[in-house]
Amino acid sequence: MGASHSREELISDSDEEEYEEEEENYQDSKDDTPERSSSGRRPKTPSSLDEVAAKLEALKLKYPTSNTPNPSLKNAVKLYLHIGGNTPKAKWVTSEKLTSYAFIKTAKINGQDGAEDGEESENEEESGDVWWVLKVGNKIRVKVGVEMQLKSFGDQRRVDFVAKGVWAMKFFSDEEYKSFVSKFNDCSFENTYKMESNDANKVKVYGKDFIGWANPEAADDSIWEDAEDAFSKSPRSATPVRTNQDLREEFEEAANGGIQSLALGALDNSFLVGDSGIQVVKNFTHGIQGKGVYVNFDNGNQRSGLNSVHSTPRKALLMRAETNMLLMSPKTEGKPHTTGLHQLDIETGKIVTEWKFGKDGTEITMRDIANDSKGAQLDPSGATFLGLDDNRLCRWDMRDRNGIVQNLATSTPVLNWTQGHQFSRGTNFQCFATTGDGSIVVGSLDGKIRLYSITSMRQAKTAFPGLGSPITHVDVTFDGKWILGTTDTYLILICTLFTDKDGKTKTGFNGRMGHRVAAPRLLKLTPLDSHLAGVNNKFRNAQFSWVTENGKQERHLVATVGKFSVIWNFQQVKNGSHECYHNQEGLKSCYCYKIVLKDDSIVDSRFMHDKFAVSDSPEAPLVIATPLKVSSFSISSRR
């Protein structure tokens, strides 16, 4: 299936006048019946209309206008509901011409009973398990938080959000709109951190150096502006960035079944890791295509098969100029930890050994592995790689301590722990990635993102605070200036640049950033797209496009969510004057993206290596894998 822009066009968002014009075409949901349709109404004669008008005038009734709420109704709003999904019949309908909202604190999130605004029962307060809930009339009752995907439109005095459907609330004055947004943010903070939203508590959560994350208006955004200038001067800027770039599908073909992950190569081949083996595909300038070569995990030979693998490999890491691959399988289904991995010789199609993780004679576990640096898989002599566990960060070596390659005939050779640190507790590492020079970024369960230099894994140079959501995947640009973190409901883009006391520009990998830390930017789906993606679908594996050369800049970001592959223009996200950021309060959020919709849940979406970009495209092809198919898309100019 093809690509599309985000579906904001289903509702007019550009300005108040356009919104009001659309509003005239909205219909009341209660009137949306065949019996009351315009085609089914009886035509009225002028005399009958005059008669009705005379009777109404005699009653001397007064009706409030649409912009004049009932003065006795507190927190009055107009409520809309989006119907029709992404079908041609999709539209907004008026659900309530006049209703009211309230923020209540209660343990009964899904129930119908609740305290009044700001009140809570003594029993609920004592239990400690109470939450702020948004209640709108009798139709909406939802826990306040990022899961609502609230999007605000300051120029329209409107907010959209998800609550078992997609809703929009229109406020009758700027003051009422601003009051709602402020109260929503306070309630969200308290639900997330279990403490009142005030300046003192925000300092406790974010730290005094990162207070700009809680108050973005006070943050120093000059670093972002400097970065925009640097981007435009990069060597790849010879290819202009156009707003009318589009995605064009080049190849789609069936795989050999059960694709679990992608391992893209920068040389001749890439690899599809499936349930029973690895399919080798050929790299082209317009994507990847199958070569018909397939390596089975179990071919009946104990040394060359994966008989001892606990389950299908979930991680594949290319090494040694892409002639070898490390395959990592979870020990227990449903949990990522494993006690070892397998080394596959791609040229012979055989498993050459099964490695074990061990330290000081004791078997230990790992939850993730990564190359030493962004381009390390191209090193023909590479023998080391990085490992991560909940409270461990280390480097493993496949050679013995005397520099001699271990005897692969031994049953279970043990990898050598050559560098790293085993933290006592509390780090809860989840994921990590490396820069071009081997610096390391680590994401944690508490949302923190830590930066480690190439010289030490013991002490992070910089630790960015969390925004309340676990970091499930992390990536970093080749130059280390930008970090992209994945959470279930949004992506967070962080600039690591800062100016030291001597006026030199550095990254957070090389020095302590101090108080001049720019606020991050968030990348989100619109409430409508979030709802269409599905209740249980979450953002996964967000990453930059792939460069391995100094001076070149990544140009796109891509993430998967359900059947969607979502692509952002990197330069557009960094542009502080971008239209998405107008009239926003709090952290800037970008909603300008393109979507590729597939028929099945997407396993992974990745850009090929920068070398596969062609002259008429600013970017290498995008590869999208579902369990049964793999597709390649080129980014090109519309004609």
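Going by the annotation in an unreviewed UniProt entry, the name recorded for the protein chain is Protein CYPRO4, with Gossypium arboreum given as the source organism.

Concerning the overall build of the protein chain
Along the backbone of the protein chain there are nine helices and 41 strands. Across the 639 residues that make up the protein chain, the buried fraction comes to 51%. Long-range pairs, those at least 24 residues apart, make up 58% of the contacts in the protein chain with a sequence separation of at least 6. When the accessible surface of the protein chain is split by element, carbon and sulfur atoms take 47% of a total near 29,800 Å².

What about the sheet that holds strand S14 (residues 315-319)?
If you walk across this open sheet you meet the four strands as S14-S15-S16-S17, and the pairing is antiparallel. In the strand order of this sheet, the two ends are held by S14 and strand S17 (350-356), each with one partner. Averaged over all neighbouring strand pairs, the angle between strand axes comes to 25°, with direction disregarded. Strand direction decides the pairing type here: strand S15 (residues 324-328) and strand S16 (residues 340-345), joined by five bridges, are antiparallel. Its bridge partner being in S16, Leu327 is matched across the sheet by His342.

Observations concerning the pairing of strand S11 (residues 269-273)
The element S11 is largely enclosed, with a buried count of five among its five residues. Every second residue of S11 is oriented toward a common face, with Asn269, Phe271 and Val273 on one face and Ser270 and Leu272 on the other, all of them buried. Turn length for the strand S10 (residues 261-263)-S11 hairpin, with the two strands adjacent in sequence and antiparallel, is five residues. Counting the residues between successive antiparallel strands, the hairpin from S11 to strand S12 (residues 277-284) contains three residues.

A few points about helix H4 (residues 174-193)
Across its 20 residues, H4 extends 29 Å between first and last C-alpha, which sits within 8% of the 28 Å expected from 1.5 Å per residue. Within the span of H4, buried status applies to Tyr177, Phe180, Val181, Phe184, Cys187, Ser188, Phe189, Glu190, Asn191 and Tyr193. Just beyond H4, the residue with positive phi is Lys194, at close to 60°.

So, how was this worked out
Residue positions are given per chain, counting from 1 as you read along its sequence in written order. Local features in this predicted model are restricted to residues of pLDDT 70 or higher, and side-chain atom pairs are both shown and tallied only at a pLDDT of 80 or more, whereas totals for entire chains, interfaces and linings draw on every residue. Side-chain metrics in this entry use all non-hydrogen atoms of the structure; hydrogen atoms and water are not considered. A run of H or I in DSSP counts as a helix once it spans at least four residues, and a run of E counts as a strand once it spans at least two, with each numbered from the N terminus. We call a residue buried when its accessible area falls under 20% of the maximum for its residue type, exposed when it is over 50%, and partly exposed in between, using a 1.4 Å probe and counting protein chains only. Here a residue-residue contact requires only that any non-hydrogen atoms of the pair lie within 4.5 Å. Per-residue and other accessible areas were derived by the Shrake-Rupley procedure at a 1.4 Å probe size, with only the shown protein chains allowed to occlude residues. DSSP-based pairing: two strands are paired if at least 2 bridges between them are found. Each axis is a line fitted through C-alpha atoms, taken for helices only over the stretch in contact, and angles between the N-to-C directions span 0 to 180 degrees. Helix span, expected: 1.5 Å multiplied by one less than the number of residues in the helix.

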